[in-house]
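# Observations on the model geometry
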Amino acid sequence: MSNVQGEIIAASASNPNMQSYENWAGNFNWEDVEKQFSWYDTGKVNMAYEAIDRHAANGRGDKVALHYSDAERDESYTYDDMRRKTNQFANVLRKHGIQKGDRVFIFMPRTPELYFSFMGVLKVGAVVGPLFEAFMETAVKDRLEDSGAVAIVTTSTLLQRVKREELPQLKHVIVVGNDVQTGDGLIDFHAEMADAVEEADIEWLEREDGLIMHYTSGSTGKPKGVYHVQNAMIQQAYSGKIVLDLKEDDIYWCTGDPGWVTGTAYGIFSPWLNGVTNVVRGGRFSPQDWYGTIEKYKVTVWYSAPTAFRMLMSAGNDVIANFDLSSLRHVLSVGEPLNPEVVRWGMKAYNHRIHDTWWMTETGAHMICNYPAMPIKPGSMGRPVPGIEAAILDDRGNVLPPYRMGNLAIRTPWPAMMRKVWNNPAKYEEYFRFSGWYISGDSAYMDEEGYFWFQGRVDDVINTSGERVGPFDVESKLVEHPAVAEAGVIGKPDPIRGEIIKAFISLREGYTPSDELKAEIAQFVKQGLSAHSAPREIEFKDKLPKTRSGKIMRRVLKAWELSLPTGDLSTIED
Ligand code: WTA
């Protein structure tokens, strides 16, 4: 990321909230935020109630909560429709004995049924675990196994990727489809929804009871289950106001899939906690389709990601001219570094500042952002939002002065912080190794005005099109292929995707390098894990650089790739 110190785009003076936000920031207090929730008075907590039923009960019953469309469907649901649909699904779950604390996973593409199921799971007090529809067998199995999920909601198409015979604790599989075969734990979603009554009791919870688990990648080991609790709603609601700038009449579109934390925290919780109309577009990305969605629904607040903006930029401005995008008021980005040239392009193409936001699966909500009330510096992630303190620490935990690069850290605690890594307390502790701080794994520096500038990951985690991919996960899959002896995986810089996955592979005896073999190996990863985990580039090597203890040295692979000096090789094998 190039650092364009000195380039500043002023905050929009026409934003009437600008002044009040800065005042709020000055006397910030989480308790003031808590007062907007019903539980502040009643003591009874449930995210689904605060996000859906509360609005239906308080004059927003006929307001559209969800606009959904894809190539075949075009449907809208009011807050009261959502209340009834989620009650029905809660009743389906209760009928099968699913209760508070159970883990229930959702594995399907974005459709209204995903959103009914998701909120229905929360209504019975269970913990929801969303999975990308792109996940293949192994990825699905690892997550269901680790979490001990008792039920999964999926579609007839994806059902074959759920290896029930290998998952003894998985008792119920609820299938969305036509002519679903039932019995032996298989449940027909549509049939049971049709039979379920539209009223249901909400399971009241404590603020520290479970809400959601997102599996995410680190540099070693299998993906980890990042566990969040109900209390996260405090921050998800508040950042909807202060960062997303949501107001009563907004039509809000977050392009993230619920398999990713952005698609839940800011694709479900935040907009619905704020009672706005939420847009979901199914199907794949295309510039026409995306601009058409903004035009169709008159989207006012649009939250997307750098890879998407780069693809839209490369699609050119002619396509923009065919659509009316004048409804847009506020545009935001998350997930990867937002290039200054994309921000400059956005000013010309949309006449809007694209506001970068930084946060992580583990943080549960926005941390460092360009919120509407502040001038933005293209290339900077922004400043900590009110209520959040960030700093750059050295490797011993000392706070560094401005312009010194180091570990990006957040002062603990904050309301939406993860509460555990499922089954893995040691992993959880690693994040908090310096007392009073959460260590993000990103490196950054801060300038003298308190703006933070992303520099990279401290570890080997790859960020490809905004998806976090653990190299170890891909390497483990690669060595399962009969031709692969050893594999080392790195992120290689890419102008559109940020990074792509590149694998260095040494072959077993008897296999000869060929393009067919490369394609077959890439396909093998795609089939086993997911399309976004498959290497886009493969290079065969006779030998891979390893430490004496046999660990593949990814930094040497990366140096080879980028034609950089390989650095200290004292621990290399030979
Ligand atoms: C990266 C996404 C630069 C970062 C909500 C972080 C970013 C990881 C930005 C978390 C940004 C996220 N600029 N890098 N604005 N936002 N990242 O858990 O490396 O999928 O640690 O959460 O994405 O990815 P995750």
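An unreviewed UniProt entry annotates the protein as acetate--CoA ligase originating from Paenibacillus profundus.

In terms of nonpolar packing, the biggest core is built from 103 residues, with Phe269 and Trp272 touching the most fellow members. When residues no more than four places from it in sequence are discounted, the contact partners of Trp272 are Glu50, Ala51, Ile52, His55, Ala65, Leu66, Tyr79, Met82, Tyr115, Met119 and Asn278.

What follows concerns unusual backbone geometry. With omega at -10 degrees, the peptide bond leading from Thr412 into Pro413 counts as cis. Structurally, Pro413 can be placed in the loop between strand E18 (406-411) and strand E19 (420-421). Despite not being glycine, Lys298 shows a phi value in the positive range, around 55 degrees.

With that settled, consider the environment of Arg143. Structurally, Arg143 can be placed in helix H7 (residues 137-147). Along the sequence, Arg143 and Lys224 sit 81 residues apart, while their C-alpha atoms lie 8.5 Å from each other. For Arg143, the residues in contact, after removing those within four places along its chain, are Phe105, Leu131, Phe135, Tyr215 and Pro223.

Bringing the site of the ligand into the picture now. Inspection of the region around the ligand gives 19 residues, with Trp260, Asp356, Thr357, Thr361 and Arg468 positioned closest. In the model, a nitrogen atom of the ligand is placed 2.8 Å from a nitrogen or oxygen of the Asp356 side chain. With respect to the ligand, the side chain of Arg457 contributes an N or O atom lying 3.1 Å from an oxygen atom. A total of 530 Å² of accessible area belongs to the ligand in isolation, and the protein chains cover 98% of it.

This part covers the sheet that holds strand E17 (residues 390-393). With antiparallel pairing, the 4 strands of this open sheet are ordered in space as E17-E18-E20-E21. Two strands bound the open sheet, and with one partner strand each, they are E17 and strand E21 (452-457). On average, each strand axis in the sheet is inclined to that of its neighbour by 50 degrees, with strand direction left out of account. Examined bridge by bridge, strand E20 (residues 437-446) and E21 share 5 bridges and lie antiparallel to one another. Bridging from a neighbouring strand, Ser443 pairs with Gly456 of E21.

What follows concerns the packing of helix H6 (residues 112-123) against helix H10 (residues 261-273). Packing of H6 against H10 brings their axes to within 13 Å, and their N-to-C directions diverge by 70 degrees. Comparing the axis directions of H6 and H10 gives the class roughly perpendicular. By crossing handedness, the relation of H6 to H10 is classed as right-handed. Contacts from Tyr115, Phe118, Met119 and Leu122 of H6 reach H10 at Thr264, Gly267, Ile268, Phe269 and Trp272. Its residues assigned to classes, the contact of H6 with H10 shows 7 nonpolar, 2 polar and no charged.

Relative to the 20 Å expected for 14 residues at 1.5 Å per residue, helix H17 (residues 515-528) spans 20 Å between its end C-alpha atoms, a close match to the ideal helical length. Those residues of H17 that sit buried are Leu517, Ile521, Ala522, Val525 and Gly528. End-on, the buried residues of H17 take up no more than an arc of 135 degrees, which puts them together on one face. Exposed and oriented more than 90 degrees from the buried face of H17 are Asp515 and Glu516.

On to the pattern of salt bridges. Taken as a whole and judged by the stated rule, the model has 44 salt bridges. Across the salt bridge formed by Glu561 and Lys492, the nearest N and O atoms sit 3.2 Å from each other. Taken together, the residues Glu561 in helix H18 (residues 554-561) and Lys492 in strand E24 (residues 484-494) connect sequence positions 69 residues apart. Its salt-bridge partner being Lys502, residue Glu561 comes within 2.7 Å of it at the nearest N-O pair.

Axis separation between helix H16 (residues 471-478) and H17 bottoms out at 9 Å; the angle between their running directions is 115 degrees. When the axis of H16 is compared with that of H17, the two are roughly perpendicular. In this structure, H16 crosses over H17, and the sense of that crossing is right-handed. Of the residues in H17, those touching H16 at Val474, Lys477 and Leu478 are Ile521, Phe524, Val525 and Gly528. In terms of residue class, the contact of H16 with H17 is made up of 5 nonpolar, 1 polar and 1 charged.

Tracing the backbone shows Thr300 in the loop between helix H11 (287-297) and strand E12 (301-304). Separated by 28 residues in sequence, Thr300 and Leu328 place their C-alpha atoms 4.1 Å apart. Those residues in contact with Thr300, other than ones at most four positions away along the chain, are Asp250, Ile251, Ser327, Leu328, Arg329 and His330.

Further remarks concern the confidence of the model for the protein. When the pLDDT values of the protein are averaged, the result is 93; 95% of them are 70 or greater. This prediction of the complex comes with two scores: 0.91 for pTM and 1.00 for ipTM.

Overall, the coordinates contain 30 aromatic pairs when judged by the stated rule. A centroid spacing of 5.2 Å and a plane angle of 10 degrees characterise the contact between Phe37 and Trp39, whose relative ring orientation is stacked. Judged by its relative accessible area of 2%, Phe37 falls in the buried class. Relative accessible area serves as the criterion here: at 5%, Trp39 is assigned to the buried category. Among the aromatic residues, those joined into a ring-pair cluster are Trp253, Phe285, Trp290, Tyr291, Trp302, Phe309, Phe323, Trp345 and Tyr350. Here the basic side chain of Lys420 rests over the ring of Tyr227, its NZ or CZ set 4.7 Å away from the ring centre. A cation over an aromatic ring shows up here: Lys541 above the ring of Trp560, its NZ or CZ 4.7 Å from the ring centre.

Criteria and thresholds
Residues numbered from 1 in each chain as written. Predicted model: local features only at pLDDT ≥ 70, side-chain atom pairs only at ≥ 80, totals over all residues. Heavy atoms only, no water. Core = buried A, V, L, I, M, F, W, Y, C linked by side-chain atoms within 4.5 Å. Buried < 20%, exposed > 50% of the residue type's maximum accessible area, 1.4 Å probe, protein only. Contact = heavy atoms within 4.5 Å. Helix = DSSP H or I, 4+ residues; strand = E, 2+ residues; numbered from the N terminus. Near = heavy atom within 4 Å. Polar contact = N/O pair within 3.5 Å; in protein donor to acceptor, adjacent residues only side chain to side chain. Areas by Shrake-Rupley, 256 points an atom, 1.4 Å probe, with all protein chains shown as cover. Pairing = 2+ DSSP bridges. Axes fitted to C-alpha atoms, helices over the stretch in contact; angles between N-to-C directions. Parallel < 35°, antiparallel > 145°, perpendicular 65-115°, else oblique. Left-handed = near helix turned anticlockwise from the far one by under 90°. Nonpolar A, V, L, I, M, F, W, Y, C, P; charged D, E, K, R; others polar. Expected span 1.5 Å × (residues − 1). Arc of directions from axis to C-beta. Salt bridge = Lys/Arg side-chain N within 4 Å of Asp/Glu carboxyl O. pLDDT = per-residue confidence, 0-100. Phe/Tyr/Trp six-rings, centres within 6.5 Å; stacked < 30°, edge-to-face > 60°. Lys NZ or Arg CZ within 6 Å of the ring centre and 35° of its normal.

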